[in-house]
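Structural features, examined
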Amino acid sequence: MTDTNIYLPHLMRIAKITEEAPAVKTFRLEFMDAAAAAAFSFETGQFGLYSAFGEGESTFCIASSPTRKGYIECTFREAGRVTAALADKEEGDVVGFRGPYGNRFPIEQWKGKNLVFIAGGIALPPLRSVIWNCLDLRDWFKDITIVYGARSVADLVYKDELKEWEARPDVNLVVTVDPGGDVPGWTGKVGFVPPVVEALNPSPDNTIALVCGPPIMIKLTLPVLAKLGFPPEAIFTTLENRMKCGLGKCGRCNTGSSYVCKDGPVYTLEQLNSLPAEY
Amino acid sequence: MADNFFLPQASLDTLFAALAKDGRRILAPTDRDGRTELNPVDKPADVAKDYLQTILSAKEAAFPKVERLMSFTTGSKSVDLVDAEPHALPTVLFGVRPCEASGFRALDAVFNWDTRDRFFNARMEALAVIGVACTRKDDACFCTSVGGGPGSTAGSDILLTPVDGGFLAEVLTEKGKAMAALAPEAFKADPGLEKKVVDVPVAFDQPGLTRRLKDRFEDGIWVEQSLRCVGCGACAYVCPTCVCFDIVEESDAKGGHRLRTWDSCGGHMFTLHASGHNPRETQAQRWRQRVYHKFSYYPERYDMLGCVGCGKCTRACPVDMNLQEHLAEAAQA
Ligand SMILES: Cc1cc2nc3c(=O)[nH]c(=O)nc-3n(C[C@H](O)[C@H](O)[C@H](O)COP(=O)(O)OP(=O)(O)OC[C@H]3O[C@@H](n4cnc5c(N)ncnc54)[C@H](O)[C@@H]3O)c2cc1C
Ligand code: SF4
Ligand code: SF4
Ligand code: FES
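Residues numbered from 1 in each chain as written. Chains lettered and ligands numbered in written order. Predicted model: local features only at pLDDT ≥ 70, side-chain atom pairs only at ≥ 80, totals over all residues. Heavy atoms only, no water.

Some details on the packing of helix 5 (residues 193-200) of chain A against helix 6 (residues 215-228) of chain A
When two helices pack together, their arrangement is given by the angle between the helix axes and the distance between those axes. Residue and element names in this part refer to chain A. Heads up, the condition is: To define axes, lines are fitted to C-alpha atoms, for helices over the stretch in contact only, and angles between the resulting N-to-C directions are given on a 0 to 180 degree scale. Every helix listed is a DSSP run of H or I at least four residues long, and every strand listed is a run of E at least two residues long, numbered separately from the N terminus. Oblique is the label for every angle not falling under 35 degrees (roughly parallel), over 145 degrees (roughly antiparallel), or within 65 to 115 degrees (roughly perpendicular). Here a crossing is called left-handed whenever its near helix is offset anticlockwise from the far helix by less than a right angle, and right-handed whenever the offset is clockwise. For this analysis, residues touch if any pair of their heavy atoms sits within 4.5 Å. Side-chain classes follow a simple rule in which Ala, Val, Leu, Ile, Met, Phe, Trp, Tyr, Cys and Pro form the nonpolar group, Asp, Glu, Lys and Arg form the charged group, and the remainder, Gly included, forms the polar group.
Packing of helix 5 against helix 6 leaves a shortest axis separation of 8 Å and a crossing angle of 15 degrees. Classified by the interaxial angle, the pair formed by helix 5 and helix 6 is roughly parallel. When the axes of helix 5 and helix 6 are compared, the crossing they make is right-handed. Contacts between helix 5 and helix 6 involve Val193, Pro194, Val197 and Glu198 on the former and, on the latter, Met217, Leu220, Thr221, Val224, Leu225, Lys227 and Leu228. The residue inventory of the contact of helix 5 with helix 6, partitioned by class, reads 8 nonpolar, 1 polar and 2 charged.

Structural notes on the sheet that holds strand 6 (residues 91-96) of chain B
Residue and element names in this part refer to chain B. The condition is simple: Strands are treated as partners if at least two bridges between them are detected by DSSP.
With mixed pairing, 8 strands are arranged side by side in an open sheet as 3-2-6-7-8-9-1-10. Strands with a single pairing partner mark the edges of an open sheet, and in this sheet they are strand 3 (35-41) and strand 10 (188-189). Judged from the 3 bridges that link them, strand 2 (residues 25-32) and strand 6 form a sheet pairing that is parallel. Each residue of the ladder has a partner; that of Ile26, found in strand 6, is Val92. Across the sheet, helix 4 (residues 174-182) lies against strand 1 (3-8), strand 6, strand 7 (127-132), strand 8 (158-163) and strand 9 (166-171), angled at about 85 degrees from strand 7, the strand it touches most.

Quick notes on the site of ligand 3
Quick reminder of the rule: If a single non-hydrogen atom of a residue is within 4 Å of a molecule or strand, that residue counts as near it.
What surrounds ligand 3 is the set B:Cys229, B:Val230, B:Gly231, B:Cys232, B:Gly233, B:Ala234, B:Cys235, B:Cys317, B:Pro318, B:Val319 and B:Met321. Looking at the shell around ligand 3 residue by residue, the classes come out as 9 nonpolar, 2 polar and no charged.

Observations regarding the pairing of strand 7 of chain B
Residues and elements named next belong to chain B. Rule in force here: Exposed residues in this analysis have more than 50% of their type's maximum accessible area, buried residues have under 20%, and partly exposed residues fall in between, with area computed by a 1.4 Å probe over protein chains only.
Burial analysis of strand 7 places 6 of its 6 residues in the buried class, which makes it a mostly covered element. Here strand 7 shows two buried faces, one formed by Leu127, Val129 and Gly131 and the other by Ala128, Ile130 and Val132. For strand 6 and strand 7, the ladder comprises 5 bridges, and the chain directions are parallel. Residue Val96 lies in a different strand from strand 7, and its bridge partner there is Gly131.

Side note on the confidence of the model for chain A
Selection rule: By definition, pLDDT measures how confident the predictor is in each residue, and it falls between 0 and 100.
Across chain A, the average pLDDT comes to 95, with 100% of residues at or above 70. Per-element confidence in chain A ranges from a low mean pLDDT of 92 for helix 6 of chain A to a high of 98 for strand 3 (residues 47-52) of chain A.

Here's the deal with the layout of surface pockets
All names here are of chain B. Rule in force here: A cavity, in this analysis, means grid points on a 1 Å lattice covering only the protein atoms where a 1.4 Å probe fits yet has no way out; a pocket is instead an open set bounded by protein on both sides within 12 Å along at least five of seven lines, and a residue lines either one if it has an atom within 4 Å of a point. Grid points are joined across faces, edges and corners, and a volume is the space filled by probe spheres set on the points.
Volume-wise, the second largest pocket comes out at about 490 Å³. If you go around the second largest pocket, you meet 19 residues; those closest to its centre are Ala48, Lys49, Asp50, Tyr51 and Phe167. At the level of secondary structure, the elements contributing two or more residues to the lining of the second largest pocket comprise helix 1 (11-21) and strand 9. Taken together, the residues of the lining of the second largest pocket sort by class into 11 nonpolar, 3 polar and 5 charged.

Points about the site of ligand 2
Within the structure, ligand 2 sits among 14 residues, and B:Cys239, B:Cys307, B:Cys310, B:Gly311 and B:Cys313 are positioned closest to it. Of the residues that constitute the shell around ligand 2, the class distribution is 8 nonpolar, 3 polar and 3 charged.

Comments concerning the environment of B:Glu250
Residue and element names in this part refer to chain B. With respect to the element layout, Glu250 can be found in strand 11 (residues 245-252). Glu250 gets classed as partly exposed once you look at its relative accessible area, which sits at 49%. Separated by 179 residues in sequence, Glu250 and Ser71 have C-alpha atoms that sit 9.4 Å apart. Residue contacts for Glu250: discarding those within four places in its chain leaves Gly255, Gly256, His257 and Leu259.

Thoughts on the packing of aromatic side chains
Our working rule: Only rings of Phe, Tyr and Trp enter the pairing, Trp through its six-membered ring, and a pair is recorded when the two centres are within 6.5 Å. The plane angle decides the type: under 30 degrees is stacked, over 60 is edge-to-face, the rest tilted. A ring has a charge above it when a Lys NZ or an Arg CZ is no more than 6 Å from the ring centre and no more than 35 degrees off the ring normal.
Here the structure, examined in full by the defined rule, presents 31 aromatic pairs over all chains. Taking 6.1 Å as the distance between ring centres and 65 degrees as the angle between the ring planes, the aromatic pair formed by A:Phe47 and A:Tyr101 counts as edge-to-face. Residue A:Phe47 is found in strand 3, and its partner A:Tyr101 is found in strand 6 (residues 94-101); the two are separated by 54 residues along the sequence. Looking at A:Phe47, the relative accessible area reads 3%, which means it is buried. Judged by centre distance (5.2 Å) and plane angle (75 degrees), the rings of B:Phe63 and B:Phe111 are edge-to-face. Taken together, the positions of B:Phe63 in the loop between strand 3 and strand 4 (66-74) and B:Phe111 in helix 2 (residues 98-112) put the pair 48 residues apart, joining distant regions of the chain. According to the relative accessible area criterion, B:Phe111 is buried, its value standing at 0%. Here the aromatic residues A:Tyr7, B:Phe63, B:Phe111, B:Phe119, B:Phe120, B:Tyr237, B:Phe245 and B:Trp262 are joined through ring pairs into a cluster of three or more. One residue, A:Arg68, lies across the ring of A:Trp132, its end atom 4.6 Å from the ring centre. B:Arg301 extends its terminal NZ or CZ atom over the ring of B:Trp113, reaching a point 4.5 Å from the ring centre.

Observations concerning helix 8 (residues 283-302) of chain B
All names here are of chain B. Rules: Consider a residue and the seven residues that end there alongside the seven that start there; fitting an axis to each set, the bend is the angle between those axes.
Along its length, helix 8 shows its largest kink, about 50 degrees, at His293. Among the 20 residues that make up helix 8, 16 are buried, leaving the element largely enclosed by the rest of the structure. Downstream of helix 8 by a residue or two, Asp303 has a phi angle that is positive, lying close to 60 degrees.

A few points about the interface of chain B and chain A
For the record, the criterion: Should a side-chain nitrogen of Lys or Arg be within 4 Å of a carboxyl oxygen of Asp or Glu, the pair is scored as a salt bridge.
At the junction of the two partners, chain B supplies 51 residues and chain A supplies 46 residues. Summed over the shared surface of chain B and chain A, the result is 11 salt bridges. For the salt bridge of A:Glu278 with B:Arg288, the shortest nitrogen-to-oxygen distance reads 3.3 Å. Looking at the side of chain B that touches chain A, the elements that each hand over two or more residues are strand 4, strand 5 (79-83), helix 2, helix 3 (118-125), strand 11, strand 12 (255-262) and helix 8 of chain B. No other element matches the 8 residues that helix 8 of chain B contributes to the side of chain B that touches chain A. When grouped by side-chain class, the residues that make up the side of chain B that touches chain A number 22 nonpolar, 13 polar and 16 charged.

Considerations on empty space enclosed by the protein
All names here are of chain B. Tallied over the entire structure, the rule returns 5 cavities of 30 Å³ or more. Here the largest cavity is characterised by a volume of approximately 230 Å³. Lining the largest cavity are 23 residues, with Cys229, Cys235, Trp287, Arg290 and Met321 positioned closest to its centre. Those elements that provide at least two residues to the lining of the largest cavity are helix 7 (234-238), helix 8 and helix 9 (312-316). Among the elements that line the lining of the largest cavity, the one with the most residues is helix 8, at 4 residues. Classifying every residue of the lining of the largest cavity by side-chain character gives 14 nonpolar, 7 polar and 2 charged.

Points about the nonpolar core
Note the cut-off: What makes a nonpolar core is a set of buried Ala, Val, Leu, Ile, Met, Phe, Trp, Tyr and Cys residues whose side-chain atoms join them at distances within 4.5 Å.
Within the largest apolar cluster, 45 residues are counted, with the highest numbers of intra-cluster contacts made by A:Tyr7, B:Leu93 and B:Phe245. Sorting the residues of this core by element identifies strand 3 of chain A together with strand 6, helix 2, helix 3, strand 7, strand 11 and helix 8 of chain B as the ones contributing at least two each. Here this core takes 7 residues from helix 2 of chain B, the largest share from any one element. Setting aside its immediate chain neighbours within four residues, B:Phe245 contacts A:Tyr7, A:Cys245, A:Lys249, A:Cys250, A:Arg252, B:Phe63, B:Phe111, B:Arg260, B:Thr261, B:Trp262 and B:Asp263. The next biggest cluster of nonpolar side chains, apart from the first, holds 39 residues, and it includes A:Val171, A:Val175, A:Cys212 and A:Ala234.

Structure, rendered in structure tokens:
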């Protein structure tokens, strides 16, 4: 048997760049190879490894919804070498992509349930994929609530989509910024995500909660959800352990016997409770 | 069942010549500046005498320190990718110890579960192993505590056990038969030789250790044991079963290469997020990961251990961490 090279990326053209916030951009990417485009599919929650050739690869979730065909999107913050090189790219430039990797959100199991999305900072992208996926299947679900917090008004990503969700009668959107992060004319909330969630007091009955954010936000939000009565199996999050291969081989994302790149990045709180807290 | 033969010492020349004539590179332990290393050899006389083990491991034959995964050239609005072919020279690994020969199984478990790693597989297909059983050991050896043994045949295509005037040769696999068939005159009928190997006492109860680890995660012994550890990673680099790797890029304005290199979970950057958050911040957490990965997570995930008890890590450690002693301690109630 001759094996193919599992580390070889696809070439993708940057069709569109959106400046989301300071040092945060969204790329819309299209396959350059028609056969690769035709063979490609993904599910919500999965991620990829994106190459800036010459600097290396970086891991981002696929931030677009699988219901939107013909392209994928990623939203990334400049954090180091690879993301800096990606941020220098222009529309029409070529990047690499390997994926989709990892597991997925089991959205078909949530039919008939209420959904509460809770995101902090640059962690809205993984939830945005699920949000659009669920909104495109809107009649599967009951109430949809989105709580999104950022450090400041300038740091909010997907500003146009926030307006769109705000305007929808079938979505309850709550946007908050950290105290001091507001500007004159800000009509959203001011306050950290966990107390905002607590004040909102979503019912845990027949409800799935999805939480993504910086480790500290997740750490403080989980007890709030527990207090509100959400059981661990109804709370979903994604882990962002550092990755290199995405294929369960390089050992970097390992937590316990779980490889975040294969068994994750999507975990329920119940699953996380059975793993060593090395994430 | 293995086919047993007697291989007179002098017949090694015939075997080496036949392997070379067949176009195979022979890698064997050699003495260089007082170190025993694996190097290409031409004749049995080049092979080190009375060596215990090589310092680095035999895993290099299938998983090199550095290898190219792909190359690319970059233009202003274009990129060309060049797939990398594994350089899989037909190779015979001669004279590695049974512990190391069996170490390839642990690499295979990682490189081939779910998806298949072309680079590893191409080299493994081109590789044949002539192991040599142990008639010597040192205090670092604990193969018998982890399911191996100084005369274990696992992982060898032919296993040679030293006897008076030559070797008992056990031809174990199809690859072994193919090698033996290249020099049939070298292999004499087995006069009923007894396989005598060194005695390596069992140092700890491994199934007990693996069970014990399940509820010992928060135990203070990981801190105590690791206080000396400087996180150099030497243990991982010499280990025949450590498979964690990094992927790095080497490039200039026109293009470059993407490379895979050995890596170690003992380094503090290994799990560091770009945000500055680090899931394994302390050396104690990283030492614990090393022990758990090999003795708890491997059994859970691949139904085998990630350690063959070769003792290389203990010999290489600059601050005298002794894996066998640390495991014995961890296995105790
Ligand atoms: C499953 C998953 C999904 C993710 N999804 C997203 C996502 O959707 N969006 C997103 O933005 N991120 C996401 N991340 C995080 C993202 O992978 C990292 O932010 C990104 O890989 C950083 O890559 P980098 O190469 O730019 O940083 P690196 O270069 O690897 O930087 C690592 C660290 O080194 C420092 N550093 C690097 N170069 C230098 C230098 N020259 N001098 C000084 N310090 C330096 C950096 O500041 C940083 O602290 C995700 C991660 C995972 C695992
Ligand atoms: S951990 Fe140490 S004893 Fe075990 S296989 Fe690796 S080097 Fe050998
Ligand atoms: S060789 Fe010794 S000091 Fe170095 S990382 Fe391993 S245990 Fe720590
Ligand atoms: S990223 Fe390599 S094992 Fe998960």
